[in-house]
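# Secondary and tertiary structure notes
So you can see what is in the structure, the chains are spelled out below.
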Amino acid sequence: MDQEVKITEEAFITERFRKYYSSHWTKGPSQIHTREFGFGGWEKKIESRHYSFANEKELNAFLARNTPLFISYSEAHYNYPAARPIEKKEWISGDLVFDIDANELGMPCTEKHGKNWVCEKCMDRAKECALRVIDDFLVNDFGVPKEEIEVNFSGNRGYHIHVKTRFTSLKTYARKEIADYVNANGLDYDLFFVQDPMRKRTFGPKITDGGWKGRITQFLVKHIKERTLENIGFTKKIAQKFYLRFDAAEQIAAGNWEAVYVSDRRKFFSQLVDAIKKEQSGFVDEGVTFDTSKLIRMPDSLHGETGLLAQRIDIKRLDKYDWTKEPIVFSESPVKIYVKKANSFLLNGTSFGPYEDKTIELPEYAAIYLLCKKVAVLAENKDSLLETKE
Amino acid sequence: MEKFSLEELKFAARFPFTKTAKKILSSTSFQVTYEKMQFAKKRVLEDLFSSNVSVLITGDQQLYEKYLVSYPLSRMIISFFDSQVRSKFVFAETKKAIVNITADNPNFIDEAKRIASDLGIVYDGLNVSVETYLENIPKTPEGRLGVQNIKNGKVLLNENGFLSMVGEAIKNNIEAGLPIHQDSIPKDVLPEIQNIVKEIETEINLRKEQKEKSAIYFAKTTGEIAPCMAKILERARNGENLSHFARVAIASYLLKRGKPIEDVIEVFSATPNYNEKIARYQVEFIAKKGYNPPSCQAMESYGLCIQECRLANPKLKNPLGYGSSFVAKKRRSRRI
């Protein structure tokens, strides 16, 4: 009797991805001939790198022929993108890139569902952070016009922001400064307060200052006026000192932070910085911003961990972008799978799960989502999965 | 041959890394004499070993030419050395430029702006675009982007901030193009340059030996040094920028331990923005007043205390006591 040939999950997903790439034109990054590409498969996100393509046509032919499950490209432009080692590529310039991951935002839900899973709460927060990086830091502080900023869904847990017109010649040190700025790192007391030994006074930042100086002052003044210092971690005793001084907010706004006596000013300031960081920093992955040889997910490519599209988003409608609907490219056709264990998730307006040790029929996009997350197998492979376990 | 005014030549001699200097050098055929070669050697030796910075205030055409021509020659010489020696040269040349801008010059900011324009930095008053600032961001705590006054794409700098940024731009400019490949050095000067390189190599080795000997002497004569102070010393030697508090702490500590004023000033020579005049004034002031070093508690509140030392010496009140308690402990253990 002929033995039944079972299709593996890897082959199933690869076939679906191949069909997608064969029927869709994928837009490559700008100046594609200067970019290095890296590709990943079922086991690793980047299995091979140092590829280069002369144009989009070459790239699309490669995708249809080889069907990688992960496609990444260099933020950097090189003279010889395929050369190795890296020094031989000859770095010309590099886009400024920010990566915001929902699992790195310190959300309570992350502790519940783990770092490999996302929910609407942490994804909403990731979008908030992306909007903040764009509006507060890039547009307001750095003066980058919105039209020069590109944004895309990462295809999995967050958002990527690209600036391709400015800051391109910056080296690692300056890029690290940008990442630190956006993440509010290194905001030390000694750098914000100037001592005047002649008048025995200390001058602090003012509300009219720009950057973090102004931001921190505004933050404190707001909490004094609203009498909410306790909500950002200060003791009742310290909060009262600020509430009792009738003009505390005005004095601090003018840079006279000594108007209210606090015994340990350093500790007070560092607590204040911690509080503002939680509320107003960008939470970007610093390595992605400062590492000039980094490869990043190619926009409009499929993500091998979800089967969702790392979709380019019109920046004007980022706040309305629905990652649970818009990046879905696979069909509603039912696929029977066996789920070992999966949290609940929302896709295309439907809430799925939670599932445990269950054989079910799901729309293709939802089945692919679970197969890619490696929490499910095709139903026909259930026995082999159980055998492997035994 | 294009004509240049004496004023332009003077500017080029003081700031030989500028476009103005390059223009004068490329359009004028200066003779590379033995004297100019020796002056270039002197320049490199001064850059590598001296904490004094020579300021060119006034002179005649010949002197300006000598200063100007010695710069490209010294770049050729330094290209034969490793990156560590080269960075010392870059650091010293940068410092020289800053001192030339600021020394006895109440209008130093105008001079800084003139250099900024020459190096292609676009500014408006003391404001520069965030991108320009980042391209020339000073690598000091005060220079960090997070503490700048940033509004609508502009960094609003004060005079010191502007000068620091120009300093970094100067450093980047001096660094660019180093090392010069041997093939790019004119054949007629190459043999003499190679001779000078050998002489400097000998000098470097000699100094290294002397330094090792004096380090042993320092350890022998001063005994155990408090870890917090050792840390500040190490940071100063590594060219890190120290806070005002840390500077006062180490200066008062070393003076109280009997170090001569000259040696204490020398400690700061590798720190960025080092100005011998200011350092001398401050060290002498501390010596005159006889200030004690800050207490361990004060060191702790400024984040300069070393945790291990604090735990091992809970009764220590002042870093000055570290040596004596160490000696006392030793004495006690001997008695037992």
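First, a word on what this report is: a plain description of the structure on this page. These numbers come from a predicted model, not from an experiment.

Criteria and thresholds
Residues numbered from 1 in each chain as written. Chains lettered and ligands numbered in written order. Predicted model: local features only at pLDDT ≥ 70, side-chain atom pairs only at ≥ 80, totals over all residues. Heavy atoms only, no water. Helix = DSSP H or I, 4+ residues; strand = E, 2+ residues; numbered from the N terminus. Buried < 20%, exposed > 50% of the residue type's maximum accessible area, 1.4 Å probe, protein only. Contact = heavy atoms within 4.5 Å. Areas by Shrake-Rupley, 256 points an atom, 1.4 Å probe, with all protein chains shown as cover. Pairing = 2+ DSSP bridges. Axes fitted to C-alpha atoms, helices over the stretch in contact; angles between N-to-C directions. Salt bridge = Lys/Arg side-chain N within 4 Å of Asp/Glu carboxyl O. Lys, Arg positive; Asp, Glu negative; His and termini not counted. Buried area = accessible area lost by both parts, 1.4 Å probe.

## Concerning the overall build of chain A
Along chain A, the regular secondary structure elements total 13 helices and 17 strands. Dimensions of chain A, computed from C-alpha atoms along their principal axes, come out at roughly 95 × 50 × 40 Å. The burial tally for chain A puts 54% of its 390 residues in the buried class. Sequence separation of 24 or more characterises 65% of the internal contacts of chain A that already satisfy a separation of 6 or more. Per element, the accessible surface of chain A, about 18300 Å² overall, is 49% carbon and sulfur.

## Quick word on the overall build of chain B
Within chain B, the secondary structure is distributed over 16 helices and 4 strands. Taken over the C-alpha atoms alone, chain B extends approximately 85 × 55 × 35 Å along its principal axes. A separation of at least 24 residues holds for 73% of the contacts in chain B among residues at least 6 apart in sequence. For chain B, the accessible area works out to roughly 17900 Å², and carbon and sulfur atoms hold 52% of it.

## As for the sheet that holds strand E13 (residues 334–342) of chain A
Residue and element names in this part refer to chain A. With antiparallel pairing, the 3 strands of this open sheet are ordered in space as E16-E13-E17. The open sheet is flanked by strand E16 (355–363) and strand E17 (376–378), the only strands paired with a single partner. Averaged over all adjacent pairs, the angle separating strand axes in this sheet is 25°, with direction ignored. Strand contacts of helix H12 (residues 364–372): E13, E16 and E17, with the helix running at about 145° to E16, the strand carrying the most contacts.

## A word on the pairing of strand E7 (residues 149–153) of chain A
Residues and elements named next belong to chain A. Within E7, 4 of the 5 residues are buried, which leaves it mostly tucked inside the rest of the structure. In terms of strand pairing, E7 meets strand E8 (residues 158–163) through 5 bridges, oriented antiparallel. Across the sheet, the residue bridging to Val 151 is Ile 161, located in E8. Linking E7 back to E8 in an antiparallel pair, the connection comprises 4 residues, with Gly 155 at a positive phi of about 95°. Sheet topology places E7 next to strand E12 (residues 312–313); 2 bridges connect them, and they run antiparallel. In the sheet register, Val 151 faces E12, and the bridge partner there is Ile 313.

## Notes on the environment of B:Leu25
Topologically, B:Leu25 is positioned in helix H2 (residues 19–27). B:Leu25 has contacts with B:Phe30, B:Leu68, B:Val69 and B:Pro72, leaving out every residue within four places of it along the chain.

## Focus: the pattern of salt bridges
Under the definition given, this model contains 36 salt bridges over all chains. Between A:Glu104 and A:Lys115 there is a salt bridge, and its shortest N-O distance comes to 3.5 Å. Linking A:Glu104 in the loop between strand E6 (96–101) and helix H3 (108–113) with A:Lys115 in the loop between H3 and helix H4 (120–141), this pair joins segments that are 11 residues apart in sequence. Between A:Glu286 and A:Lys176 there is a salt bridge whose closest N-O contact spans 4.0 Å. Linking A:Glu286 in helix H11 (residues 286–290) with A:Lys176 in helix H5 (residues 172–182), this pair joins segments that are 110 residues apart in sequence. Bridged by salt links that share partners, the residues A:Lys176, A:Glu177, A:Asp180, A:Glu286 and B:Arg144 form one connected network.

## Some words on the side chain of A:Lys373
As for its position among the elements, A:Lys373 is in the loop between H12 and E17. One buried charged residue, A:Lys373, remains without a salt bridge, the closest side chain of opposite sign being A:Glu305 at 4.7 Å.

## Considering helix H1 (residues 6–14) of chain B
Of the positions making up H1(B), those classed as buried are B:Leu9, B:Phe11, B:Ala12, B:Ala13 and B:Arg14. Where H1(B) is buried, its residues meet H2, helix H4 (61–78), helix H5 (83–102) and helix H6 (108–118) of chain B.

## Concerning the pairing of E6(A)
All names here are of chain A. Counting buried residues in E6 gives 6 out of 6 residues, a clear majority hidden from the surface. Side-chain alternation along E6 places Leu 96, Phe 98 and Ile 100 on one buried face and Val 97, Asp 99 and Asp 101 on a second face that is also buried. Pairing between E6 and E8: 6 bridges, direction antiparallel. Along E8, the bridge assignment pairs Phe 98 with Ile 161.

## Concerning the interface of chain B and chain A
Contacts between the two partners involve 23 residues from chain B, matched on the other side by 29 residues from chain A. Carbon and sulfur atoms supply 57% of the area buried between chain B and chain A, which totals about 2000 Å² over both sides. On inspection of chain B and its partner chain A, the count reaches 2 salt bridges. Among the salt bridges present, the one from A:Asp180 reaches B:Arg144, with a minimum N-O distance of 2.6 Å. Among the elements of the structure, helix H7 (130–135) and strand E3 (150–151) of chain B are those that each provide at least two residues to the side of chain B that touches chain A.

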